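# What the coordinates show
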Amino acid sequence: MFRPRIIPVLLLKGSGLVKTQQFRKSSYIGDPINSVRIFNDLEADELIFLDILAAKENRTISFDLVKQIGDEAFMPFAVGGGIRNLKDAAAMINAGAEKVVLNTIFIENTEVITEISKTFGNQSVVVSIDAKENLFGDYKIYIKDGLKKIALHPMIAAKKAEDFGAGEIFLNSITHDGMMQGYDLELIKQVSESVNIPVIACGGAGNLSHMKEAFKNGANALAAGSMFVYHGPRKAVLINYPEKKELISYFN
Amino acid sequence: MTFIKKLSKMGIVIVDYGMGNLRSVQKAFERIRIPAKISADANDILSAEKLILPGVGHFKMGIYNLASKGLIDPLNRAVLEKKIIILGICLGMQLMTEFSEEGNVKGLGWIKAQTKRFSFASNEFKVPHMGWDSLSIKNGDTLYKGINQEDLFYFVHSYFIICEDEKDILTETYYGQKFVSSFNKDNIYGFQFHPEKSHNVGLKLLKNFANFSI
């Protein structure tokens, strides 16, 4: 019986963990290595680390930090932020990351996707698509941490990523990010139907029922930020993760 | 003499042929306090107590790397002549088959099996198969001791194997179709899933593998 992966997404600003709302208003959460240790104990399926400043600052996610994560993490993890070429990707994978997450470079130099995929296999290439719905209900994608709009529908972008060798789509809803009111199910449905590779849904999860809805709408894996770093209505910072038994009963 | 013999034994050797994250396999053994050495040295391979052939990536690249690092001959000697117990994980398992559709190349040919690509008419079943799945255990009571049909293991693969001989199949898994998720033929074992990424049940399985003898 297949159970989808439940993936905490940890955002970095340099060396500190933060959490955002709608890609803005970031609040400090804590130390990334400490959170990895807690997620080890909680037996998280997989982790995604994204340095949200890297692309804007023309650098990559810190190589030293990725190495430290690699030494600590017992689960597969993906890293993203400013990765621009095969050399950057190789450095991250050699430091212990299973996957690299590519966003800005997917638009600016799509061939890099193919190059990394051919070298490390498509299972190690995740293309991140940040999407936002406009007033007319039409979706467009964004790069550079949601700053730059691209005239491309997320369905077209996802198909293009698959054709160029991506093994997974990491689909973010900018409007749902940090709101904890549920995923953008329409977006998930449209994108999942347009590709044959797994789609990781992200943005809006507040509980496991939200995740189940996204799974039913075609997501192959469910990612969340706030849900795993906040606790209670006052949003106290507390790293948490559902129990295995709970997950199995939810997705059975 | 026995002392010297003991010293010369290598314990578990993880074969390094430049494919994928070997460190995660080594870390899993560290957690269960079983020393495992990562090596590309023929002497280490030939004196290993048990071998692990891990790997993630393209089949053709895997065979190419094994050949260019001069590892095919020592592996054949260790596995086919010295009968050292070996475990292939994911790509490492597929490399043990006779042929793969991934690159249309010959494999090591240690087991009568073929490696094929998942191909589904609908996109309900996404490829790669990435996630947690159960094992339906057919054989292998010793290896799967303490593991039951509800336990879930971590899978990441686009290709699967078909065994010619039913009795080589240890477990099967369903993902759009039935496929072999682990096999055993003499001293040769293969897991399609990643025990090193399957948390406690995975560690239990690796412990069973490290402790059992045939």
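One structure accompanies this document, and this report is about it. (Residues numbered from 1 in each chain as written. Chains lettered and ligands numbered in written order. Predicted model: local features only at pLDDT ≥ 70, side-chain atom pairs only at ≥ 80, totals over all residues.)

The next subject is the overall build of chain B. A tally of regular secondary structure across chain B gives 7 helices and 14 strands. The C-alpha atoms of chain B give 16 Å as radius of gyration, which agrees with the globular expectation for 214 residues (17 Å, within 12%). In terms of overall dimensions, chain B has a C-alpha envelope of 60 × 40 × 30 Å along the principal axes. Counting all 214 residues of chain B, 49% fall into the buried class. (Helix = DSSP H or I, 4+ residues; strand = E, 2+ residues; numbered from the N terminus. Rg over C-alpha atoms; globule rule 2.2 N^0.38 Å. Buried ≥ 20, exposed ≤ 12 C-beta atoms within 10 Å, placed from the backbone.)

Let us now look at the packing of helix α1 (residues 32-41) of chain A against helix α2 (residues 63-72) of chain A. Residues and elements named next belong to chain A. Interhelical geometry of α1 versus α2 gives an angle of 20 degrees and a closest axis separation of 10 Å. One way to sum up the angle between α1 and α2 is to call them roughly parallel. You can see that α1 and α2 cross each other, and the crossing is right-handed. For the pair α1 and α2, the contacting residues are Pro32, Ile33, Val36 and Arg37 in the first and Leu65, Gln68, Ile69 and Glu72 in the second. Broken down by class, the residue content of the contact of α1 with α2 amounts to 5 nonpolar, 1 polar and 2 charged. (Axes fitted to C-alpha atoms, helices over the stretch in contact; angles between N-to-C directions. Parallel < 35°, antiparallel > 145°, perpendicular 65-115°, else oblique. Left-handed = near helix turned anticlockwise from the far one by under 90°. Contact = placed C-beta atoms within 7 Å. Nonpolar A, V, L, I, M, F, W, Y, C, P; charged D, E, K, R; others polar.)

Time to look at the interface of chain B and chain A. Counting residues at the interface gives 20 residues for chain B, matched by 20 residues for chain A. When contributions to the side of chain B that touches chain A are tallied by element, the ones reaching two or more residues are α2 (22-31), β8 (129-134) and β10 (152-157) of chain B. The biggest single contributor to the side of chain B that touches chain A is β8(B), with 5 residues.

Within the largest apolar cluster, 85 residues are counted, with the highest numbers of intra-cluster contacts made by A:Ile48, A:Val100, A:Ile169, A:Leu171, A:Ile200, A:Ala201 and A:Leu222. With 6 residues, strand β1 (residues 5-13) of chain A is the largest single contributor of residues to this core. Residues B:Met19, B:Phe29, B:Ile84 and B:Phe183 belong to the second largest nonpolar core, which totals 64 residues. (Core = buried A, V, L, I, M, F, W, Y, C linked by C-beta atoms within 7 Å.)

The next subject is helix α7 (residues 199-211) of chain B. All names here are of chain B. For α7, with 13 residues, the first-to-last C-alpha span of 18 Å sits near the 18 Å given by 1.5 Å per residue. Along α7, the residues classified as buried are His199, Gly202, Leu205, Leu206, Phe209 and Ala210. Along the long axis of α7, the arc covered by the buried residues comes to 140 degrees, so they all point the same way. Residues Asn200 and Asn211 are exposed on α7 and point more than 90 degrees away from its buried face. The inward-facing, buried residues of α7 contact β1 (12-15), α2, β3 (50-53), β4 (85-89) and β10. (Expected span 1.5 Å × (residues − 1). Arc of directions from axis to C-beta.)

Let us look at helix α3 (residues 86-94) of chain A. Residue and element names in this part refer to chain A. For α3, every residue scored as buried is listed here: Asp88, Ala89, Met92 and Ile93. Projected down its long axis, α3 carries its buried residues within an arc of 130 degrees, all on one side. Looking at the buried positions of α3, the neighbouring elements they touch are α2, β5 (77-80), β6 (99-102) and α5 (111-120). Phi for Gly96, located one or two positions after α3, is positive at around 120 degrees.

Now for the pairing of strand β7 (residues 125-133) of chain A. A regular strand carries its side chains on alternate faces of the sheet. Residue and element names in this part refer to chain A. Within β7, 8 of the 9 residues are buried, which leaves the element mostly enclosed by the surrounding structure. When β6 meets β7, the two strands line up parallel, connected through 3 bridges. Across the sheet, the residue bridging to Val100 is Val125, located in β7. In the sheet, β7 pairs with strand β10 (residues 168-173) via 6 bridges, with the strands oriented parallel. For Val126, the partnering residue across the bridge sits in β10 and is Glu168. Bridging between β7 and strand β8 (residues 139-143) involves 4 bridges; their strand directions are antiparallel. Residue Lys132 lies in a different strand from β8, and its bridge partner there is Lys140. In this antiparallel pair of consecutive strands, β7 and β8, the connection spans 5 residues, and Gly137 shows a positive phi of 75 degrees. (Pairing = 2+ DSSP bridges.)

A word on the pairing of strand β2 (residues 16-21) of chain A. Residues and elements named next belong to chain A. Across 3 bridges, β1 lies against β2 in antiparallel orientation. Residue pairing in the sheet places Leu11 in a bridge with Val18 of β2. Hairpin connection between β1 and β2: a loop of 2 residues separates the two successive antiparallel strands, and Gly14 in this loop has a positive phi of roughly 65 degrees. As paired strands, β2 and strand β3 (residues 24-30) are joined by 4 bridges and run antiparallel to one another. Bridging across to β3, Val18 finds its partner in Tyr28.

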